[in-house]
Amino acid sequence: MKPANVVGKLLRALLGLLLLLLGFAGFFTCAATTVDYPVVASQEGVQAWPRGAFHVHTTRSDGRGTVEEVAAAARAAGLQFVVLTDHNDFGPREPAFVNGVLMIPAVEISTPTGHLVAFGMQTPLDGPRARQEGMSAVEAAGGVSVLAHPVQKKNPWTDAEGARRARGFELYSADTFFRDAVRSPLSRLIPAVGATFANAMHGVMLLVTPQPASTERLLELTQERPRLALCSHDAHGWPRYRDVFLALATYLPPTALPEPLSMEPKVAAAQVLRALSSGQAVCAFRGLGEPMGFALEGPLSEQREARVGDVLTIRLPPHEPGSVRVEVSGAGRLRPDGAAIELVEEGAVQIEAWVLAPGRFFGSEWRPWIVPSPIRVLPRSSGG
Ligand SMILES: [Zn+2]
Ligand SMILES: [Zn+2]
């Protein structure tokens, strides 16, 4: 056979494959035209909680958008604040309102044992020292450390001992969702890309899956001391900033932020960061519904500690029966009433609201919806 014939055959085979993949993706595009968001309808006349994006990259590192473009996307998505976490961006920066959105400088540090998000530093971080020492450098600067996408194949957190020093933990990470999907192109990635052509929200939401390994690791760490669970956009501009901001946000309920946000950027940034580190912030996959009305009630300390035998009650935003369920992991047991959670053993418990959301085909799948920080469960008798 002449070389030209071989090339021709190869090209035809490639074209055939491409058409096949397009057809396959097209199937999911068609399916996506029938779905509706949000799944839980918004309530009329309810005061919205301040909401924002945590863990966002710009052109200051490997993001596609400038700070101004990210602020415009956040404004279009109805966010009040964005925590910017460009890679190893140690230069001095001040919080500022851009386009009416509070842009808060923070940093994602590449350390030898994984990525670390640091915010709220009282003194500037020394770059080389921070990259080498991670948590201890952040602590010395008066900041809060968060393990970024700790349970992930590409850039996991690998230092088990060091992990115990971090206050925060990215329980759900859009970057991890995306990388998981890339590893399962036929069952995860192509359905999401196909759906995006008809419904961008559905495309992003199809990437969201339960994260049992991440939850288990967070609960292990919470046995020792209270931890912050954060949801991370890890936004780089693809999928588009606005789409991921509309799909997910970190909310500051009145328990986390009792007073309105200041108009003065430094004061406002301090308010947001204090709320984020209080353990009272919640994240919500807002594409599925807004979280206003969600609460965990009962004998809970400010540090989110309770005792074996205590009973907590979960309050949920109004919803259609059967569309929402309470997901309890760890040291708690949901009672048959579906709202009371009994703390049955020492350790830690994670209590989330999940929603029956549109699936890849025409069915439905349970997805995480409202995600608070975990609760540490102390023994009945200790301390008094
Ligand atoms: Zn990272
Ligand atoms: Zn990142």
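Owing to the predicted nature of the structure, the values given are computational and were not obtained by experimental measurement. (Residues numbered from 1 in each chain as written. Chains lettered and ligands numbered in written order. Predicted model: local features only at pLDDT ≥ 70, side-chain atom pairs only at ≥ 80, totals over all residues. Heavy atoms only, no water.)

Caption draft 1: Quick look at the pairing of strand E19 (residues 364-371). As paired elements, strand E11 (residues 282-284) and E19 share 2 bridges and run antiparallel to each other. Residue pairing for E19: Ala284 is matched across the bridge by Ile370. Here strand E18 (residues 347-358) pairs with E19 via 6 bridges, running antiparallel. Considered in E19, the bridge of Trp354 is made with Pro368. (Pairing = 2+ DSSP bridges. Helix = DSSP H or I, 4+ residues; strand = E, 2+ residues; numbered from the N terminus.)

Caption draft 2: Here's a closer look at the coordination of the zinc ion (ligand 1). Binding of the zinc ion (ligand 1) to the protein goes through Glu108 (OE), His115 (ND1) and His149 (NE2), at separations of 2.0 to 2.2 Å. Positions of the donor residues of the zinc ion (ligand 1) along the chain correspond to the pattern E-x6-H-x33-H. Between the zinc ion (ligand 1) and the zinc ion (ligand 2), the interatomic distance is 3.5 Å, and Glu108 donates to each metal, bridging them. Taken together, the residues span a long stretch of sequence, with His115 in strand E6 (residues 114-119) and His149 in the loop between strand E7 (144-147) and helix H5 (160-163) at a distance of 34 residues. For the pair His115 and His149, a shared accessibility class is recorded, and that class is buried. (Donors = N, O, S within 2.8 Å, 3.2 Å for Na, K, Ca; no water. Buried < 20%, exposed > 50% of the residue type's maximum accessible area, 1.4 Å probe, protein only.)

Caption draft 3: Quick look at the coordination of the zinc ion (ligand 2). Taken together, the protein ligands of the zinc ion (ligand 2) are His55 (NE2), His57 (NE2), Glu108 (OE) and Asp234 (OD), with distances of 2.0 to 2.2 Å. Here the zinc ion (ligand 2) is ringed by 4 donor atoms whose angles at the metal span 86 to 171 degrees, and the overall shape comes out irregular. Each donor residue of the zinc ion (ligand 2) belongs to the same chain, and together they define the spacing H-x1-H-x50-E-x125-D. Since its relative accessible area comes to 0%, His55 is described here as buried. (Tetrahedral: all angles 85-135°; square planar, octahedral: opposite > 155°, others 65-115°.)

Caption draft 4: Inspection of the sheet that holds E6 at higher detail. One open sheet holds the 5 strands; their spatial order is E5-E6-E7-E8-E9, and the pairing between them is mixed. A strand with exactly one partner marks an edge of an open sheet, and here the two such strands are strand E5 (107-111) and strand E9 (228-232). The sheet shows a mean angle of 35 degrees between the axes of neighbouring strands, taken without regard to direction. Here E7 pairs with strand E8 (residues 168-173) via 2 bridges, running parallel. Paired with Leu147 across the bridge in E8 is Phe169. With respect to the sheet, helix H6 (residues 174-183) is in contact with E8 and E9, its orientation differing from that of E8 by roughly 40 degrees. (Axes fitted to C-alpha atoms, helices over the stretch in contact; angles between N-to-C directions. Contact = heavy atoms within 4.5 Å.)

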